[in-house]
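# A look at the structure
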Amino acid sequence: MFTALLDTCVLWPDLQRDFLLSLAIEGMYRPVWSSVVLEELEYEQRTKLIERGAEAEEAARRARRLIEQMRQHFDDAEVGGWEGLEGTYGLPDPDDEHLVAAAVVANAGAIITLNVRDLPPDRLPRGLQVLSPKEFAANTVSLDPVRACAAVATIAKRSGRMGPIQTEEDILDTLTRRYGMTSAVEMMRQAAVDTSRVRPPQPRVSESGPHSNPQGLSTK
């Protein structure tokens, strides 16, 4: 399975994080990150919640809970043992060294980040590429758009707990408009159309006697 290291800037936007991690839950790739990424994410998430009006204590609790959930659901994602490699790649920004070091230890094929220019190809180990979130989303969705649609459906089903209820179309629209994931969304929309076309016809229901639903349970 393809392994990708996700940078803090990719995980900070709520829906983008939810979508990319939902693709991983569907088994479409393996996400990894360093302890530095999680520390940065907790700080940035807390700051974002405070800016949106949450009390400092509540914001800290919710940010901490996010990290706990990520560690729980992806218990093999946090990479250890990368510290010895930090500082060996000569990156323009030394603060980005942990990304490459952790990616190497995890045998990742790509670092997913918005800071593409800070990770020049000539400073990276062979076989390690740098992709933007929208590029990575398109590459991953192309593997199985139907499974990607299932990830979006799951997000829609659990929406409303901490914000407004969203339909699958709402989510796809935001992924396009806010995050530029046009290619990935087009593939998912086409997959949804294709799937609807090949659905088998529903069995005819007898007009007399009790009806049966698809699970064979008698209804009235």
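Structure: above.
An account of the accompanying structure is given in this report.

About the thresholds
Residues numbered from 1 in each chain as written. Predicted model: local features only at pLDDT ≥ 70, side-chain atom pairs only at ≥ 80, totals over all residues. Heavy atoms only, no water. Helix = DSSP H or I, 4+ residues; strand = E, 2+ residues; numbered from the N terminus. Contact = heavy atoms within 4.5 Å. Areas by Shrake-Rupley, 256 points an atom, 1.4 Å probe, with all protein chains shown as cover. Expected span 1.5 Å × (residues − 1). Buried < 20%, exposed > 50% of the residue type's maximum accessible area, 1.4 Å probe, protein only. Arc of directions from axis to C-beta. Pairing = 2+ DSSP bridges. Axes fitted to C-alpha atoms, helices over the stretch in contact; angles between N-to-C directions. Parallel < 35°, antiparallel > 145°, perpendicular 65-115°, else oblique. Left-handed = near helix turned anticlockwise from the far one by under 90°. Polar contact = N/O pair within 3.5 Å; in protein donor to acceptor, adjacent residues only side chain to side chain.

## Observations regarding the overall build of the protein chain
- On a plain count of helices and strands, the protein chain comes out with 9 helices and 6 strands.
- Long-range pairs, those at least 24 residues apart, make up 62% of the contacts in the protein chain between residues at least 6 apart in sequence.
- Split by element, the accessible area of the protein chain, about 12800 Å² in all, is 50% carbon and sulfur.

## Brief notes about helix H3 (residues 35–51)
- Over its 17 residues, H3 runs 24 Å from end to end, which matches the ideal 24 Å to within 8%, given 1.5 Å per residue.
- Listed in full, the buried residues belonging to H3 are Ser35, Val37, Leu38, Leu41, Gln45, Lys48 and Leu49. Taken down its axis, H3 places every buried residue within 150° of arc, on the same side. H3 presents Glu39 and Glu51 as exposed residues on the side facing more than 90 degrees away from its buried surface.
- In the core, the buried residues of H3 are packed alongside strand S1 (3–6), helix H1 (8–11), helix H2 (14–25), helix H4 (56–73) and helix H5 (97–105).
- Where H3 terminates, the next one or two residues include Gly53, which has phi positive at roughly 110°.

## What about helix H8 (residues 168–177)?
- The complete set of buried residues in H8 reads Ile171, Leu172, Thr174 and Leu175. In a view along the axis of H8, the buried residues occupy a sector of 160°, so they form one face of it.

## Concerning the sheet that holds S1
- The sheet built from 4 strands is open, its strands ordered S2-S1-S3-S4 with parallel pairing. Among the strands making up the open sheet, the edge pair consists of strand S2 (30–32) and strand S4 (129–131). Averaged over all neighbouring strand pairs, the angle between strand axes comes to 30°, with direction disregarded.
- Bridge count between S1 and S2: 3 bridges; the pairing is parallel. In the strand pairing of S2, Thr3 is matched with Arg30.
- Contacts from helix H6 (residues 133–143) reach S1, strand S3 (110–112) and S4, with the element oriented near 100° to S4.

## What to know about the packing of H2 against helix H7 (residues 145–158)
- Relative orientation of the contacting elements H2 and H7 amounts to 130°, with a least axis distance of 9 Å. The angle between the axes of H2 and H7 places the two elements in the oblique class. Classified by chirality, the crossing of H7 by H2 is right-handed. Only Ala148, Ala151, Val152, Ile155 and Arg158 of H7 make contact with H2, whose side of the interface consists of Leu15, Asp18, Phe19, Ser22 and Leu23.

## With respect to unusual backbone geometry
- Its identity is not glycine, yet Asn107 carries a phi of approximately 60°, on the positive side.
- With respect to the helices and strands, the residue Asn107 is situated in the loop between H5 and S3.
- Asn107 gets classed as exposed once you look at its relative accessible area, which sits at 66%.

## Here's the deal with the side chain of Gln16
- Within the element layout of this structure, Gln16 appears in helix H2.
- You can call Gln16 buried: its relative accessible area is 4%.
- Polar side-chain contacts of Gln16 include one of 3.0 Å to the backbone oxygen of Val10.
- When sequence neighbours within four positions are dropped, the list of residues in contact with Gln16 reads Cys9, Val10, Pro133, Tyr179 and Met181.

## Things to note about the pairing of S1
- Alternating positions in S1 separate into two faces, Thr3 and Leu5 on one and Ala4 and Leu6 on the other, with burial throughout.
- The sheet contact formed by S1 and S3 spans 3 bridges and is parallel. Paired with Leu5 across the bridge in S3 is Ile111.

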